[in-house]
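Inside the fold
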Amino acid sequence: MAIEINGEAYANTPRPGQCLRTFLRAEGMLGVKKGCDGGDCGACTVHVDGEPVHSCIYPAVRAEGRSVTTIEGLAGEDGLHPMQQQFLDAQGFQCGFCSAGMIMTAATFSEEQKQNLPRNLKGNLCRCTGYRAIEDAVLGRDGGGCSHPADGDCALDAPAGAGTAEGAGRAKAPRAVGADTPAPAGPAVVTGTARYTLDVPAEQLLALLHLKLARSPHAHARIRGIRTEAALAVPGVVAVFTHEDAPVQPFSTAQHELYADDPDDTRVLDDVVRFKGQRVAAVVADSVAAAEAGVRALEVDYELLPAVFDPAAALAPGAPLLHADKPAESRIAVPERNIVAEVHTEIGDISAALAAADAVHEETYRTHRVQHVALETHAAIAWTGPDGSLAVRSSTQVPFLVRRTLARIFALDEDRVRVTAGRVGGGFGGKQEVLTEDIVALAALRLGRPVQLELTRSEQFTATTTRHPFSIAVRAAARKDGTLTALAVDVTTDTGAYGNHAPGVMFHGCSESIAVYRCAAKKVDARAVYTNTVPAGAFRGYGLSQMIFAVESALDELARTLGLDPLEFKRRNMVSEGDELLSLHAEPEEDVICGSYGLDQCVDLVRSALDRGRERGAGGQDLGAEWLVGEGTALSMIATVPPRGHFAHSVIRLEADGYLLDVGTAEFGNGTTTVHAQLAAEALGVAPSVVRIRQSDTALTEHDTGAFGSTGTVVAGRATLAAAQELAARLRTLAAELTGMPARHCVPGPEGVDCGDRVLGFAELAAAATRQGGPLQTEGRWGGTPRSIAFNVQGFRVAVHSGTGELAILQSVQAADAGVVVNPRQCRGQIEGGIAQALGAALYEEVRIDDGGAVTTDILRQYHIPTFADVPRSEVYFARTSDTLGPLGAKSMSESPYNPVAPALANALRDATGLRFTSLPLARDRIYLALKAAGRVPADTAGQVSASKAAAGMAG
């Protein structure tokens, strides 16, 4: 077959039925990505004779005689293609997994097409950015930083006195912290040369085998036997592994610093399956097709067991038990009642407070399952060394914890296990699990050959994890003067078939959601419950998004009952600087302090932005009488570090051309690579480009707990800053020895160390250090305690069509207390991405499960994530604070923007319609049915919208 790829002739013939995507990757075009294999996400977009196509659904044979261009061939002899340069300039990416396809699509746009991006980018999805940066990139704009109100009250102040060179006439590097420093990986992302998990050239993994998993068709069953003969007879199949081949060591797929935080209720392969989609057996073959054929040939004999799909039913006497056979050391709270974990606490006297109140609001709020939908699916490759050591390359947020878990499962010394992560294509908590690494490790250890597993998009939906569904009964009471007197929550969470993250999500969700308010009487009753459904796990916000929806909705309704402005009511009762933060205990947590306080500023920023939006109409001036307009707000608080320790280790070394920094934390669009370069550069007086970073490799540094719980900047950043500051001090000492100048006069700077009348360059300093026994290298560590808190406030102005239930967002604004903002453009992007993801969950994203426990929304066409057309351009403001705990005053800002979005939207919907919606998502059909039930639908439109089976989910 003759095909031209990036201007070169290729003659290999595709396999029968092979799509162009896999053919191109086999030819070495690793910039072509897989996000769906269904033509839904656009990550695989290439040009065929100049036209963009989704290569995952384009038959490779159709490319015969045609010219194919991939992202690797888009640049010309004179440099980057203009669209690549625009994406680089505007930093139109975060994790970057979608970027190659996005650029390939946009590169073909005419000026006319650029004026209708909602239509012309509908075939390309981004899960990270919220699309604002992508819009700026496509249109050639350099949007960055934060939105600035007219009165200029959102200045981003750099930290005073942070490591720049002093002295007249000395060369000074531009400020690193506070600047919109480009991501170091930017050029690789826009050219398709950034290497994600499976972007490993074939020659580096000779004799690579592929693994596919047989999965249970039953929600609950015991495996009586598996016949493997037919599978082993399939040409290309090398081995089949069942529960009889798997280690007996139980573990949790959840990864935390203390593995005892989660129940040991999982095996690599089990003889009991507890949800539809659970692993049953692994087939390993020399091709994906052969492995899939082997899976189909397996014969499994099941003994069906009774199943339960609802937490309330699972708690009832006589309910089927999922883990009653587990021993006490598994750390399941009440296995005979399907309870993984529970908490029951009270501060003050709730009953008395409720009885004495002037107003009480009681309601049950419900949140649903949503999926992370990171565009890079879970994937891992494992291989063994000549000495029997194990190496794993994985799409993970926690390489060091994966190493520890694999060593524990397979009884290996940790120093004989190495885990690395390339660039990770999105995480959002979903990759704080061991979901692929254990099974490829089993196969590689048994076979002595490299083994790869890549989950399909359908497997992501049916067999990984989701956000925990919550049912939250809230009782809130206040005096007529607006003083909150009682706040009680009764919470049931559905953890699915396994308890990974169940205790942490429950405790965390119940904590900061009520700690943010002063109240004399607080009560929490909560339990996490097993059901025979797809497991829930870590998800952005970690329980807070669910709880904050309930608490903020309830307090909004309580304020309205009292005739008070909801935001003013919350302002009166929210914690102030110096207040104790009380939630689950009568005493505050010892290691949580308010390192800086900006919640009041956030409230003011959102209020003033909404006022300005109202004055200018905020897009609603042309609406007709059938549109109902309303405003809503919500606030949130989050601890900047998980409890009970979170560790980081960084190593920085002087080299002849600058500095080499090794960090353990992972990059998956969270921007930590950029932040670490900026922090080190600030301490050393250089531009961030002078700092080269290696990361996410257990062979490079000591233990690093991982990139979750918003710790990439706060925890790992403190380790990096400490290492860089120590290196700066050592450089001063070395320069003083070489020049005879006092060390205080030797200042690290852009070219090395400036000693007044002489500058010692990097090469000279490195050579001197080597002569003294070098290299010159320092280390930094931090253990994650004490912990500070960050704040976010979200506001919306919405319009609701009374005849159809359509909800339009007229204005979206969020204010954040992120401390000193290390990188305004990047931090704004994190907030915009959090808003976009939260809007999807609030409005239409929903993992649906049928009456038999099967996930029915198992492809992207059935599970709608926000497209370009769905996401409003949000205003983002930052409070002026500097945290006493964070590096150079910074605080975390990756999870928290997600949390106040759904309640703010629900409160705006309440303001517009007069109806309180108590269940998510706030889908159009639910809004319509609620309006119709309340008699709000005009008579001439009442019959134009078909009724839905969905419950209205409202309280009138």
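One can find the structure itself at the top, above this paragraph.
Residues numbered from 1 in each chain as written. Predicted model: local features only at pLDDT ≥ 70, side-chain atom pairs only at ≥ 80, totals over all residues. Heavy atoms only, no water.

1. A short note on the overall build of the chain
Helix and strand counts for the chain come out as 24 helices and 33 strands. The C-alpha radius of gyration computed for the chain amounts to 28 Å, which stays within 12% of the reference 30 Å derived for 956 residues, consistent with globular compactness. Taken as a whole, the chain presents about 32,800 Å² of accessible surface, with 49% of it coming from carbon and sulfur. In the chain, which carries 87 positive and 113 negative side-chain charges, the distance between the mean positions of the two groups comes to 1 Å. (Helix = DSSP H or I, 4+ residues; strand = E, 2+ residues; numbered from the N terminus. Rg over C-alpha atoms; globule rule 2.2 N^0.38 Å. Areas by Shrake-Rupley, 256 points an atom, 1.4 Å probe, with all protein chains shown as cover. Lys, Arg positive; Asp, Glu negative; His and termini not counted. Charge placed at Lys NZ, Arg CZ, Asp CG, Glu CD.)

2. Quick notes on the sheet that holds strand β6 (residues 209-215)
The sheet built from 7 strands is open, its strands ordered β8-β10-β6-β17-β14-β15-β16 with mixed pairing. Each edge of the sheet is formed by a strand with only one pairing partner; in this case those strands are β8 (237-241) and β16 (417-420). Strand-to-strand twist in this sheet, taken as the mean axis angle between neighbours without regard to direction, amounts to 20 degrees. The pairing of strand β14 (residues 379-384) with strand β17 (residues 451-454) spans 4 bridges and is antiparallel. Paired with Ile381 across the strands is Gln452, a residue of β17. On the sheet, helix α9 (residues 288-297) packs against β6, β8 and β10 (279-285) and is oriented at approximately 25 degrees with respect to β6. Helix α13 (residues 437-447) contacts β6, β8, β10, β14, β15 (390-394) and β17 of the sheet and is inclined by roughly 25 degrees relative to β14. (Pairing = 2+ DSSP bridges. Axes fitted to C-alpha atoms, helices over the stretch in contact; angles between N-to-C directions. Contact = heavy atoms within 4.5 Å.)

3. Things to note about the pairing of strand β7 (residues 221-227)
Relative to strand β9 (residues 272-273), β7 is paired through 2 bridges, and the arrangement is antiparallel. Counted as the bridge partner of Ala221 is Val273 from β9. Taken together, the 6 bridges between β7 and strand β11 (residues 299-304) define a ladder with antiparallel strand orientation. Bridge assignment links Ile226 to a residue of β11, and that residue is Val300.

4. A word on the pairing of strand β20 (residues 521-530)
The element β20 is extensively covered by neighbouring structure, given that 9 of its 10 residues are classed as buried. Relative to β20, strand β19 (residues 484-496) is paired through 10 bridges, and the arrangement is parallel. Considered in β20, the bridge of Asp490 is made with Asp525. Viewed along the sheet, the connection from β19 through helix α15 (residues 502-515) into β20 turns out right-handed. (Buried < 20%, exposed > 50% of the residue type's maximum accessible area, 1.4 Å probe, protein only. Right-handed = clockwise from strand over helix to strand, strands pointing away.)

5. Quick word on the environment of Ser788
Summarising the element assignment, Ser788 is placed in the loop between β28 (777-782) and β29 (789-801). Spatially, the C-alpha atoms of Ser788 and Val516 are 13 Å apart, while their sequence positions differ by 272 residues. Leaving out residues up to four positions away in the same chain, Ser788 has contacts with Ile593, Cys594, Gly595, Ser596, Ile638, Ala639, Thr640, Asp883, Leu885 and Lys891.

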